[in-house]
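For reference, the chains in residue letters:
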Amino acid sequence: MKKITSFVLKVASRCNLNCSYCYMYNLGDNTYLSQPKFMSIETITIFAMKLNEYCIRNDVKYLQIVFHGGEPLLWSMDNYKKSVEIFTKTIKNVTFDFALQTNGVTLDDKWCQLFKNLNIRVGISMDGPKKHHDKYRVFHNGKGSHDKVMTAIERGKKYGFNSILSVVNLDISPEEFYDELKNLDVQNFNLLLPDGHYDNLPNGFLSDKVNTIDHTPYADWLIEVFKIWKADTNRPMIRFFRTLIELIMGEQIGDQMLGTLTNGVAVLETNGALEVSDSIRACYEGITRNNLNIFNNNIEDLHDDPLFDVYFNSHSMLNEKCINCLLSNICGGGFLGNRYSNDNGFDNPTIYCYDTIKLVSFIQNDILSSLPNDISNSLEIHSLDYAEMVHEINNSTSSKIDKNIKNKLNSFKSNVKERNITC
């Protein structure tokens, strides 16, 4: 049974930054141009009413509401006050988790006090030292945003905001990156792998080397960061590493990128459209678009959307190579968008497949070597050899993939010539 417990509200469809790697504006999907710039309170009201009915019918007791964009601080303060009031008064008998992700450039004391009063968790995006951050996270006039973001981070800490999100940038040395992280003096940190797929690879990948044994640029970088982080006796929490460690130790956790849990996340657009996770837009223009809208549909209608079905079950709807991999219970096939190609749809391993195998192998071996022998011997995990695992996957002949699943994964393919799109 599908159950959506996290809703991302795209309260603003525009942004005051123009980040070069942004899936919203710079990876091929321009459908945002046909949407209202801001979500209306009427849309919030209708959504809250439909959401209340959904929670009752599906026995939902926990709801995460994430205010997102674009840049959510382009929305008015009054709208946040009204929205939280509408949700909490309309929907009873649930535990709310309100969150917001901002680029921080306009985060002043008034905003901070508002979010503290409304009990909205705030995360700030920051991509490393100034010279690197300002290369990608720029205003529309090309000016870098690092100085304003640093001010926002310092201001936010006074209000208890201690969450930073960074996209992995291989141009930053692991040592330089970690030094910057420590200088920020924040307690919660997370790393995101860049959006991309087989026909639009992130920086650092060579097109003819993806998922070859000696080409693992992201694993090599992350392993070095992990070593530095582990050696730090006063290290911050890096959620990406913690999630991997807990998965290796057998915990049933995960997110869109890791683990085997379902992806109970949906998006509400400024015009009331109900869609799948919007970062899937990086695959090709219009892929997330459907005919569902909160004014005309119930939230359950999204359950029957073919793309949402694949996204929701993406950690169990796997490519044949993933099914034959011993680590599929840890990576879950990776993030769905990173598995896309114009030829096969989502019926591929993630572009980060070998990077993940190498990284998990390193961390698992490191955990075992750090424990006393009697404890490591009692665990149901064993040392891994990266080269042997790759060899085993490449030479596996058994096929367990369901043809129906294969067809679903393969059905989302973009005819680039017909669409006249550069993916």
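Each chain carries its own residue numbering, running from 1 in the written order of its sequence. Totals for whole chains, interfaces and linings use all residues, but because this is a predicted model, local features are given only for residues with pLDDT of at least 70 and pairs of side-chain atoms are given and counted only at 80 or more. The basis for the side-chain values is all heavy atoms of the structure; hydrogens and waters are excluded.

## A closer look at the environment of Asn271
On the secondary structure map, Asn271 appears in the loop between β8 (265-268) and β9 (274-275). For the pair Asn271 and His133, spaced 138 residues apart in sequence, the C-alpha separation works out to 32 Å. Excluding residues that lie within four positions of it along the chain, Asn271 makes contacts with Gln35, Pro36, Asn293 and Phe295. Strands here mean DSSP runs of E at least two residues long; helices mean DSSP runs of H or I at least four residues long; both are numbered from the N terminus. By definition, residues are in contact when any of their heavy atoms lie within 4.5 Å.

## Comments concerning the confidence of the model for the protein
Model confidence for the protein is summarised by a mean pLDDT of 92, while 95% of its residues fall at 70 or above. Across residues 416-423, where pLDDT falls below 50, the model places 13 contacts with residues more than four positions away in sequence or in other chains. Confidence of the predictor in every single residue is expressed as pLDDT, which spans 0 to 100.

## Some points on helix α1 (residues 41-58)
Over its 18 residues, α1 runs 25 Å from end to end, which matches the ideal 26 Å to within 8%, given 1.5 Å per residue. Exposure is judged per residue with a 1.4 Å probe applied to protein chains only, and the accessible area is read against the type maximum: over 50% gives exposed, under 20% gives buried, and values in between give partly exposed. Where α1 is concerned, the buried positions are Thr43, Ile44, Phe47, Ala48, Lys50, Leu51, Asn52, Tyr54, Cys55 and Asn58. Buried residues along α1 sit against β1 (6-10), β2 (62-68), α2 (77-90) and β8. Take the residue count of a helix, subtract one, and multiply by 1.5 Å to get its expected span.

## Some details on empty space enclosed by the protein
Using a probe with the size of a water molecule, rolled over the atoms, empty space left in the structure can be pinpointed. Only protein atoms enter the calculation, which uses a 1 Å grid: trapped sets of points that fit a 1.4 Å probe without letting it out are cavities, open sets showing protein on both sides within 12 Å along at least five of seven lines are pockets, and any residue with an atom within 4 Å of a point is a lining residue. Grid points are joined across faces, edges and corners, and a volume is the space filled by probe spheres set on the points. Summed over all chains, the structure comprises 3 cavities of 30 Å³ or more. Its volume calculated, the largest cavity comes out at about 130 Å³. Lining the largest cavity are 17 residues, with Leu193, Phe240, Met257, Tyr352 and Thr356 sitting closest to its centre. If you tally residues by element for the lining of the largest cavity, the top one is helix α12 (residues 353-370), at 4 residues. As a working rule, the residues Ala, Val, Leu, Ile, Met, Phe, Trp, Tyr, Cys and Pro are called nonpolar, Asp, Glu, Lys and Arg charged, and the rest polar, with Gly in that last group. Its residues placed into classes, the lining of the largest cavity shows 13 nonpolar, 3 polar and 1 charged. Surrounding the second largest cavity, Lys321, Cys322, Cys325, Leu327, Ser328, Cys331, Gly333, Thr350, Cys353, Thr356, Ile357 and Ile393 form its lining. Counting residues per element, the ones that place at least two in the lining of the second largest cavity are α10 (320-323), α11 (328-331) and α12.

## Structural notes on the sheet that holds strand β4 (residues 120-125)
When DSSP finds at least two bridges between two strands, those strands are taken to pair. Reading across from one edge, β7-β6-β5-β4-β3-β2-β1-β8-β9 is the order of the 9 strands in this open sheet, with mixed pairing throughout. Each end of this open sheet is capped by a strand with a single partner; those strands are β7 (237-238) and β9. Summarising the sheet, β1 and β8 pair through 4 bridges and their orientation is parallel. Considered in β8, the bridge of Phe7 is made with Ala266. Along the sheet, α1 contacts β1, β2 and β8; its crossing angle with β1, the most-contacted strand, is approximately 170°. Whenever a helix is involved, its axis is fitted only over the stretch in contact; in every case the axis is a line through C-alpha atoms, and angles between N-to-C directions fall within 0 to 180 degrees. Contacting β5 (163-167), β6 (188-192) and β7, helix α6 (residues 174-184) runs over the sheet at an angle of about 150° to β6.

## Thoughts on the packing of helix α7 (residues 217-231) against helix α8 (residues 239-248)
Contact pair α7 / α8: the axes reach a minimum separation of 11 Å and the direction vectors enclose 90°. Considered as vectors, α7 and α8 are oriented roughly perpendicular to each other. Along the contact surface, α7 presents Leu222, Val225, Phe226 and Trp229, while α8 presents Phe240, Phe241 and Ile245. Residues that form the contact of α7 with α8 fall into these classes: 7 nonpolar, no polar and no charged. The scheme is simple: roughly parallel for angles under 35 degrees, roughly antiparallel for over 145, roughly perpendicular for 65 to 115, oblique for anything else.

## Structural notes on unusual backbone geometry
In most cases, non-glycine residues show a negative phi, while peptide bonds are predominantly trans. A cis amide bond links Gly69 with the next residue in sequence, Gly70, at an omega value of 15°. The phi angle at Asn93 is positive, at roughly 60°, despite the residue not being glycine. The residue Asn93 is located in the loop between α2 and β3 (95-102) in this model. Residue Asn93 is classed as exposed on the basis of its relative accessible area of 68%.

## As for the pattern of salt bridges
We define a salt bridge as a contact between a side-chain nitrogen of Lys or Arg and a carboxyl oxygen of Asp or Glu at a distance within 4 Å. The tally for this structure, following the rule as stated, stands at 23 salt bridges. A salt bridge links Lys157 to Glu154, with the nearest nitrogen and oxygen atoms 3.1 Å apart. Here Lys157 pairs with Glu154, and both are found in helix α5 (residues 146-158), just 3 residues apart, close to one helical turn.

## Structural notes on the pairing of β5
Pairing of β4 with β5 involves 3 bridges; the strand directions are parallel. In the strand pairing of β5, Ile124 is matched with Ile164. Both β5 and β6 contribute to a ladder of 5 bridges, which runs parallel. Each bridged residue has a counterpart across the sheet, and for Ser166 the counterpart in β6 is Leu191. Throughout, right-handed denotes a crossover for which the path from the first strand over the helix to the second runs clockwise when the strands point away from the viewer. Following the backbone out of β5, through α6 and into the adjacent parallel β6, one traces a crossover that is right-handed.

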